[in-house]
Amino acid sequence: MTLQPRCEDVETAEGVALTVTGVAQVKIMTEKELLAVACEQFLGKNVQDVKNVVLQTLEGHLRSILGTLTVEQIYQDRDQFAKLVREVAAPDVGRMGIEILSFTIKDVYDKVDYLSSLGKTQTAAVRRDADIGVAEAERDAGIREAECKKEMLDVKFMADTKIADSRRAFELQKAAFSEEVNMKTAEAQLAYELQSAREQQKIRQEEIEIEVVQRKKQIDVEEKEIIRMEKELIATVKRPAEAEAYRIQQIAEGEKVKQVLIAQAEAEKIRKIGEAEAFVIEAIGMAEAERMKLKAEALQQYGEAAQLALVLDALPEIAAKVAAPLSKVDEIVILSGESSNTTSEVNRLLAEIPASVRAITGVDLTKIPLIQKATGAQA
């Protein structure tokens, strides 16, 4: 079984929190007694449960050992650290029938950059020692050189003066050369910057020209698109609208002409009807006048006989109008006190009829012989 014990933020002997990850290979011992111990220890548990028990045991020992070591011991000698963990944990897991085949440290790191700082410190110490060695060597060389110069001071006094003069001249010449080199370098740098600026200006000018050309092309495309849209609007909106307006105008003019013609026809119809009605009225009037004229002549010719005939012709109509209200009466009751007076009441009513006719028509019915006989008999 492969296990990966991991201890996070465990403080070492110096109080530095480290995270350590290891890899352990373990197995169940096959010896009879140890196998019985393992069976007794892990009876009823699955493989994952066994792994968890062993893993927790290893992590506990790893954590306890981390607390007794310094960071340098853990980081610089991982094999010794792993060996120590294996030796301490082996008896405990062995009592559970488990054997540790191998245990190695996989990774060691911290969250406060202590290890990286430790490396930087060691590097700085090496550099420091190297610098000290160089300085000491230079110091020794300087001392030796000074001693040699001191020994040779008397002999080389005059030569030193010449050396100083030569050195001064050399330094002056060197400074002049350096100044000239710096001037040439500055001129070259300035020339380079000027040329670079000119090139950048040319590039920018070409970019502007390209943008102008692109903008002109874009404007041409937009103008063509506007023209196309105008034509499309004319074809799809304006032309149909004009056609629709023309159609509506023609329909309105046709309707107007139709209404005028209808009005003219109606007027002509009314005029014809009026003329016909006037002609009919005139004809009826003339016929009526002729009839009245003939009737007047007949009345004048026949005299009272004719008038009597007219009255007699009108009597049924008069009687019908007089009796019209009585037609709605179911029965008439005459209150006279005696039943024998009913006949006399009827005769009295009949005797009053000629007077009523005379009042209405102006004709005296009593002059008619038949009426005279009737009224005389009643009297």
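See the structure above.
These numbers were taken from a predicted model, which means no experiment stands behind them.

(A) Just the nonpolar core, in detail. Counting 30 residues, the largest nonpolar core has V20, V54, L62, L66, F81 and F103 as the members making the most contacts within it. For this core, the elements supplying multiple residues, two or more each, are β2 (6–11), β3 (17–28), α2 (47–66), α3 (71–76), α4 (78–94) and β4 (98–109). Ranked by residues supplied to this core, first place goes to α2 with seven residues. Aside from chain neighbours lying at most four places away, what touches F103 is P5, V23, A24, L62, A82, V85 and R86.

(B) Geometry of the pairing of β3. Relative to β3, strand β1 (residues 2–3) is paired through two bridges, and the arrangement is antiparallel. Across the sheet, the residue bridging to T2 is Q25, located in β3. In the sheet, β2 pairs with β3 via four bridges, with the strands oriented antiparallel. The partner of V10 across the bridge, within β3, is L18. Counted along the chain from β2 to the antiparallel partner β3, the turn is five residues long, and its residue G15 has a positive phi close to 85 degrees. Two elements, β3 and β4, share 10 bridges in a ladder whose sense is antiparallel. Pairing of T21 across the sheet is with D107, part of β4.

(C) Expanded view of a nonpolar patch on the surface. Side chains of L153, F157 and M158 sit close together on the surface and give an oily, nonpolar patch of about 340 Å² of accessible area. On the secondary structure map, F157 appears in helix α6 (residues 157–302). Assessed through its relative accessible area of 52%, F157 is described here as exposed.

(D) How the structure looks around the pattern of salt bridges. If you walk through the whole model with that rule in mind, you get 10 salt bridges. A salt bridge links R168 to D165; the nearest nitrogen and oxygen atoms lie 3.1 Å apart. On the criterion of helical spacing, the pair formed by R168 and D165 is a turn pair, its members being three residues apart in helix α6. Look at D165 and you get partly exposed, because its relative accessible area is 36%.

Rules behind the numbers
Residues numbered from 1 in each chain as written. Predicted model: local features only at pLDDT ≥ 70, side-chain atom pairs only at ≥ 80, totals over all residues. Heavy atoms only, no water. Core = buried A, V, L, I, M, F, W, Y, C linked by side-chain atoms within 4.5 Å. Buried < 20%, exposed > 50% of the residue type's maximum accessible area, 1.4 Å probe, protein only. Helix = DSSP H or I, 4+ residues; strand = E, 2+ residues; numbered from the N terminus. Contact = heavy atoms within 4.5 Å. Pairing = 2+ DSSP bridges. Patch = residues over 30% accessible without salt bridge, like charges linked within 9 Å, V, L, I, M, F, W, Y side chains within 5 Å. Areas by Shrake-Rupley, 256 points an atom, 1.4 Å probe, with all protein chains shown as cover. Salt bridge = Lys/Arg side-chain N within 4 Å of Asp/Glu carboxyl O.

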